[in-house]
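What follows is the residue order along each chain.
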Amino acid sequence: LYPEYDSTLSVLDLRTFTVARTLTVGCNPQRVVADGKGRLWVTCTGDYAMRLPKVVLFHGTEREELQLACDNLCVTDSDAWVLDTWGKHLYRLQTDPLRVVETFSLAGLAAPYAITVIPSLPFREGVGVGFIISDAGDFVAPGTVHVYDRRMNELWSVRAGDIPCAFCFRQR
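Residues numbered from 1 in each chain as written. Predicted model: local features only at pLDDT ≥ 70, side-chain atom pairs only at ≥ 80, totals over all residues. Heavy atoms only, no water.

What to know about the environment of Glu 154
Rules: Put simply, DSSP H or I for four residues or longer makes a helix, DSSP E for two residues or longer makes a strand, and each gets a number counted from the N terminus. Burial status follows relative accessibility: with a 1.4 Å probe on protein chains alone, a residue under 20% of its type maximum counts as buried, one over 50% as exposed, and anything between as partly exposed. Whether two residues are in contact is decided by their heavy atoms: any pair within 4.5 Å suffices. Pairs of N or O atoms are called polar contacts if they sit within 3.5 Å, as long as, within protein, a hydrogen donor faces a hydrogen acceptor (for residues adjacent in sequence, only side-chain-to-side-chain pairs).
Mapped onto the elements of the fold, Glu 154 is located in strand β14 (residues 154–162). Glu 154 sits in the partly exposed class, given a relative accessible area of 41%. If sequence neighbours within four positions are ignored, Glu 154 has contacts with His 146, Val 147 and Tyr 148. Here the side chain of Glu 154 touches His 146 through a polar contact of 2.7 Å, side chain to side chain. Within the structure, the side chain of Glu 154 is placed 3.5 Å from the side chain of Ser 157, a separation counted as a polar contact.

Take a look at the structure:
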């Protein structure tokens with residue numbers, strides 16, 4: 001028997017702190033990211049049995065979805081980058097229609113867990129966007145944070161705390 005996962009996302013009115021509307025997204029929503037174009041990206045991991053994982057994209061009243069193993073994601077101006085922890089892949093998605101345009105293997109990582117995009121890497125001429133991806137390892141011992149260029153060449157890595165799951169940048 002499997003748990004009954006929720007499949008909705010509540011949109012809140014921050015002036016009144018009330019639910020403005022409820023969106024049906026898919027089984028077990030995990031991550032929600034708004035992009036600079038007014039779109040909302042949602043990853044739903046399914047129920048690990050019958051209901052498959054998917055990425056759902058909302059733009060106004062339009063909705064698109066793509067069946068895809070997904071856990072974490074980040075969004076740039078033109079792409080969404082979706083991390084599949086258990087299949088160990090990174091997918092680059094684009095819209096019109098919603099589709100996978102590139103797939104990268106993360107087979108060298110034990111449990112790729114979190115991702116963020118570095119908009120530019122000025123220390124690597126001509127590389128452009130880069131990524132920080134954490135590896136949760138065995139979820140008990142300290143994990144590792146890896147930095148990659150746009151072509152998924154590893155630039156460096158560092159041991160981190162247990163289950164590294166979020167990144168924050170500070171502007172100087």
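Some details on the confidence of the model for the chain
Quick note on the threshold: Think of pLDDT as the predictor's per-residue confidence, scored from 0 to 100.
Per-residue confidence for the chain gives a mean pLDDT of 88, with 93% of residues at or over 70. Confidence over residues 123–127 falls short of pLDDT 50; this stretch has 8 contacts with residues more than four positions distant or in other chains.

Focus on the environment of Phe 169
Within the element layout of this structure, Phe 169 appears in the segment after β14. Taking relative accessible area as the criterion, Phe 169 reaches 49% and is therefore assigned partly exposed. Between the alpha carbons of Phe 169 and Asp 96 there is a distance of 31 Å; along the sequence they are 73 residues apart.

Some remarks on the pairing of strand β9 (residues 89–94)
Short version of the rule: Strand pairing requires that DSSP identify at least two bridges connecting the strands.
In this sheet, β9 lies alongside strand β8 (residues 80–84) in antiparallel orientation, the contact comprising 5 bridges. Bridge pairing links Ala 80 to Leu 93 in β9. Adjacent in sequence and paired antiparallel, β9 and strand β10 (residues 99–105) are bridged by 4 residues, among which Asp 96 carries a positive phi angle near 65°.

Some thoughts on the pattern of salt bridges
Oppositely charged side chains can form a pair if their charged atoms are brought close together. Stated precisely, the cut-off is as follows: Just to be clear on terms, a salt bridge is a Lys or Arg side-chain nitrogen sitting within 4 Å of an Asp or Glu carboxyl oxygen.
Tallying each qualifying case throughout the model produces 9 salt bridges. Here Asp 47 makes a salt bridge to Arg 51, at a shortest N to O gap of 3.5 Å. With its nearest N and O atoms 3.1 Å apart, the salt bridge here joins Glu 65 to Lys 54. Here Lys 54 lies in strand β5 (residues 54–59) and Glu 65 lies in strand β6 (residues 62–67), a separation of 11 residues in the sequence. Note on Glu 65: relative accessible area 37%, which makes it partly exposed.

With respect to the packing of aromatic side chains
One pair of aromatic rings is described through two measures. These are the centre distance and the angle between the planes. The cut-off we apply is this: Centre distance within 6.5 Å is the pairing criterion for rings of Phe, Tyr and Trp, where only the six-membered ring of Trp is used; planes under 30 degrees apart are then read as stacked, over 60 as edge-to-face, and the remainder as tilted.
Applying the stated criterion to the full structure yields 5 aromatic pairs. Ring centres of Trp 81 and Phe 131 lie 4.5 Å apart, and the angle between their planes is 65°; this geometry places the pair in the edge-to-face category. Placement of Trp 81 in strand β8 and of Phe 131 in strand β12 (residues 130–135) is noted, with a sequence separation of 50 residues between them. Relative accessible area serves as the criterion here: at 0%, Phe 131 is assigned to the buried category.

Observations concerning the pairing of strand β13 (residues 142–149)
Within β13, 6 of the 8 residues are buried, leaving the element largely enclosed by the surrounding structure. Bridging between β12 and β13 involves 6 bridges; their strand directions are antiparallel. Each residue of the ladder has a partner; that of Ile 132, found in β13, is Val 147. The loop that links β12 with its antiparallel partner β13 comprises 6 residues; one of these, Gly 137, has a positive phi angle of about 60°. Here β13 runs beside β14; their pairing, made up of 6 bridges, is antiparallel. In the sheet register, Val 145 faces β14, and the bridge partner there is Val 158.

A few points about the side chain of Asp 149
Examined against the element boundaries, Asp 149 turns out to sit in strand β13. Judged by its relative accessible area of 0%, Asp 149 falls in the buried class.

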